[in-house]
Amino acid sequence: MSNPLNSRRVFMLRVACGGAALSATHAFAADPVSNEKLTENDAYAKSMGFRLDSSKVDKVKYPRHAADQKCSSCQLFSGAPGAEWGPCSFFGGRLVNKEGWCRNFKVKKAA
Ligand code: SF4
């Protein structure tokens, strides 16, 4: 015969553990910044024409690319001013070089 108090304790424990797990998941979801540097060999980065150096972008393949377009002037770059590398929200928070570029470049809006 099962003790109803034990069932209640088990239920309360499950609720507490589930809440803790959800909090941990939310903490990771809210902070997409990673320490991983995006490389030009990454398959998705390649498909987006990503280059670590904007001056090396293929001008025939990407005719809308302009010389002044760099990750540091992109809306999706959140590196500290002057930092060599910073997170890019388009690539899940992976770090991109401030001199980089991809075809998802968006002009940074004035603050
Ligand atoms: S989205 Fe912007 S910051 Fe990210 S790689 Fe492309 S140009 Fe750089």
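Below you will find a few notes about this structure. Keep in mind that this is a model prediction, so the values were computed, not measured. (Residues numbered from 1 in each chain as written. Predicted model: local features only at pLDDT ≥ 70, side-chain atom pairs only at ≥ 80, totals over all residues. Heavy atoms only, no water.)

A separate point is the overall build of the chain. Along the backbone of the chain there are two helices and two strands. Out of the 111 residues belonging to the chain, those deemed buried represent 27%. By sequence separation, contacts in the chain at least 24 residues apart represent 59% of the contacts at least 6 residues apart. Of the roughly 8000 Å² that the chain leaves accessible, carbon and sulfur atoms contribute 60%. (Helix = DSSP H or I, 4+ residues; strand = E, 2+ residues; numbered from the N terminus. Buried < 20%, exposed > 50% of the residue type's maximum accessible area, 1.4 Å probe, protein only. Contact = heavy atoms within 4.5 Å. Areas by Shrake-Rupley, 256 points an atom, 1.4 Å probe, with all protein chains shown as cover.)

With that settled, consider the side chain of Asn104. Along the polypeptide, Asn104 turns up in the segment after strand S2 (95–97). Judged by relative accessible area, which is 14%, Asn104 ranks as buried. Leaving out residues up to four positions away in the same chain, Asn104 has contacts with Met48, Leu76 and Phe90.

Okay, the site of the ligand next. Near the ligand the following residues occur: Phe50, Cys71, Cys74, Leu76, Phe77, Cys88, Phe90, Phe91, Cys102 and Phe105. Judged by the proximity of its atoms to the pocket grid, the ligand belongs to the largest cavity. Residue classes in the shell around the ligand are distributed as ten nonpolar, no polar and no charged. (Near = heavy atom within 4 Å. 1 Å grid on protein atoms, 1.4 Å probe; cavity = no way out; pocket = protein on both sides within 12 Å on 5 of 7 lines; lining within 4 Å. Sits in = over half its atoms within 2 Å of the grid points. Nonpolar A, V, L, I, M, F, W, Y, C, P; charged D, E, K, R; others polar.)

There is about 170 Å³ of room inside the largest pocket. Lining the largest pocket are Tyr62, Pro63, Arg64, His65, Gln69, Trp101, Arg103 and Phe105. Along the lines of polarity and charge, the residues of the lining of the largest pocket split into four nonpolar, two polar and two charged. (Points joined across faces, edges and corners; volume = space filled by probe spheres on them.)

Topologically, Ser34 is positioned in the loop between helix H1 (4–30) and helix H2 (43–47). Ignoring sequence-local partners within four residues, the contact set of Ser34 consists of Gly93, Arg94 and Leu95.

Membership of the largest hydrophobic core is limited to ten residues, which are Leu38, Ala45, Met48, Phe50, Cys71, Phe77, Cys88, Phe91, Val96 and Cys102. Once you skip the residues sitting within four places of it in the chain, Ala45 turns out to touch Leu38, Thr39, Phe50 and Phe91. Ranked by size, the runner-up nonpolar core spans five residues in total, among them Tyr62, Cys74, Trp101 and Phe105. (Core = buried A, V, L, I, M, F, W, Y, C linked by side-chain atoms within 4.5 Å.)

Counting across every chain of the model gives one cavity of 30 Å³ or more. Forming the walls of the largest cavity are 13 residues, and the residues nearest its centre are Cys71, Cys74, Cys88, Cys102 and Phe105. Class assignment for the residues of the lining of the largest cavity results in twelve nonpolar, one polar and no charged.

Before going further, it helps to examine the packing of aromatic side chains. Counting across every chain of the model gives five aromatic pairs. Among the aromatic side chains, those forming a connected cluster through ring pairs are Tyr44, Phe50, Phe90 and Phe91. (Phe/Tyr/Trp six-rings, centres within 6.5 Å; stacked < 30°, edge-to-face > 60°.)

Mapped onto the elements of the fold, Gln75 is located in the loop between H2 and strand S1 (85–87). Considering only alpha carbons, one finds Gln75 and Lys109, 34 residues apart in sequence, at a separation of 6.5 Å. In this view, Gln75 contacts Lys106, Val107, Lys108 and Lys109; residues no more than four positions away in its chain are not counted. Here Lys109 takes part through its backbone nitrogen, which lies 2.6 Å from a polar atom of the side chain of Gln75. (Polar contact = N/O pair within 3.5 Å; in protein donor to acceptor, adjacent residues only side chain to side chain.)

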